[in-house]
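Below are the chains, spelled out letter by letter.
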Amino acid sequence: MEEMEAALQQRKIPVRIDPQLADKEIYHADVLVDAVLAKHNTGTTIQDAALVIGVGPGFTAGVDCHAVIESKRGHFLGRVITEGAAIPNTGVPGNIEGYSIQRLVRASAEGIFHPAAQIGDFVKAGQTVAYCDQTPVYAQMDGMVRGMLQEGLPVYPNMKCGDIDPRCDRKLIDTVSDKARAIGGGVLEVIVAKMMAQ
């Protein structure tokens, strides 16, 4: 906690890995944003902070958070929802240049994940991009690896482990995506509205 406070004093953003959210009992944040994108609420409550924002499906504004941000690509991406929930998870990723489900890298078996390709690598359809223990995971399309789970995580069959971008533009991996920017804008809109109301 002392290191986090020191970072904040230096106007730096501290990053702490806390899967069980133990810190929320000792560090009372003004704003809590649940952006895990697990497609369901993993335990966030409306009492966790003065302002609780949930991103994507699994949250209901006024029940387990104060506002929900729409995470589904399309016309409503980034929209602030103050009553109700986000569009339910369809299991189908957004379309990029005609590719949707093919963009996903999914676990081929239960086991420990071992990436064979890294973010920014160019891959071909059928190329081994990871292993689940010793079982290979193949790319479904040509493109550039934009997302990939880290080494050593436990995975289950068909779990999303990464994604491939058909645009093959290396600068896209070093910049914020259109989706992330829209969601971030929605979060900022809620925080600013709360500040203006005080």
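Residues numbered from 1 in each chain as written. Predicted model: local features only at pLDDT ≥ 70, side-chain atom pairs only at ≥ 80, totals over all residues. Heavy atoms only, no water.

Novice: Sorry, what's going on with empty space enclosed by the protein here?
Specialist: Remark: the empty space left among the atoms is shown by a probe the size of a water molecule rolled over them. Here the structure, examined in full by the defined rule, presents one cavity of 30 Å³ or more. Along the walls of the largest cavity sit Asp34, Val36, Leu37, Ala38, Lys39, His40, Val55, Pro57 and Phe59, which together make up its complete lining. (1 Å grid on protein atoms, 1.4 Å probe; cavity = no way out; pocket = protein on both sides within 12 Å on 5 of 7 lines; lining within 4 Å. Points joined across faces, edges and corners; volume = space filled by probe spheres on them.)

Novice: It is not clear to me how the sheet that holds strand β8 (residues 111–115) should be interpreted in this structure. Could you clarify?
Specialist: Strands sit in the order β11-β10-β8-β13 across an open sheet of four strands; the sheet is antiparallel. The two strands at the open ends of the sheet, each matched to only one other strand, are β11 (135–138) and β13 (154–155). The pairing of β8 with strand β10 (residues 128–132) spans three bridges and is classified as antiparallel. Note that in β10 the partner of Phe113 across the bridge is Cys132. (Pairing = 2+ DSSP bridges. Helix = DSSP H or I, 4+ residues; strand = E, 2+ residues; numbered from the N terminus.)

Novice: What is the right way to look at the layout of surface pockets in this model?
Specialist: As a volume, the largest pocket reaches approximately 1,600 Å³. Val36, Leu37, Lys39, Lys160 and Lys179 are, among the 47 residues lining the largest pocket, the residues nearest its centre. Among the secondary structure elements, those contributing two or more residues to the lining of the largest pocket are β7 (104–106), β12 (143–148), β14 (160–165) and α2 (178–197). Considering every element that reaches the lining of the largest pocket, the biggest residue donor is β14, with six residues. Grouping the constituent residues of the lining of the largest pocket by class yields 23 nonpolar, 12 polar and 12 charged. Along the wall of the second largest pocket there are 27 residues; nearest its centre are Arg16, Leu21, Val31, Leu32 and Val33. Within the residue set of the lining of the second largest pocket, elements represented by two or more residues are α1 (2–9) and β1 (31–34). At four residues, the largest contribution of residues to the lining of the second largest pocket is made by β1. A breakdown of the residues in the lining of the second largest pocket according to their chemical character gives 15 nonpolar, five polar and seven charged. (Nonpolar A, V, L, I, M, F, W, Y, C, P; charged D, E, K, R; others polar.)

Novice: In this structure, what is going on with the sheet that holds strand β2 (residues 51–55)? I would like to understand it.
Specialist: Strand pairing in a sheet takes place through backbone hydrogen bonds and is either antiparallel or parallel in direction. Strand order in this open sheet of four strands is β1-β2-β4-β5, and the pairing throughout is mixed. What marks the edges here is a single partner per strand, and that holds for β1 and β5 (80–81). Sitting on the sheet, α2 is in contact with β1, β2, β4 (67–69) and β5, with an inclination near 160° to β2. (Contact = heavy atoms within 4.5 Å. Axes fitted to C-alpha atoms, helices over the stretch in contact; angles between N-to-C directions.)

Novice: Hey, could you run me through the environment of Phe76 in this one?
Specialist: Mapping Phe76 onto the fold places it in the loop between β4 and β5. A relative accessible area of 42% places Phe76 in the partly exposed class. For the pair Phe76 and Ala182, spaced 106 residues apart in the sequence, the C-alpha separation amounts to 9.6 Å. (Buried < 20%, exposed > 50% of the residue type's maximum accessible area, 1.4 Å probe, protein only.)

Novice: Is there a simple way to think about the nonpolar core in this case?
Specialist: Soluble globular proteins: nonpolar side chains tend toward being buried together. Among the nonpolar cores identified, the biggest contains 18 residues, and Phe113, Val123, Val129, Cys132 and Val155 are the most heavily contacted of them. If you list the elements that add at least two residues to this core, you get β10, β12 and β14. Sorting elements by how many residues they give to this core places β10 first, with three residues. In this view, Val129 contacts Val105, Pro115, Ala116, Ala117, Val123, Val137, Tyr138, Ala139 and Met148; residues no more than four positions away in its chain are not counted. (Core = buried A, V, L, I, M, F, W, Y, C linked by side-chain atoms within 4.5 Å.)

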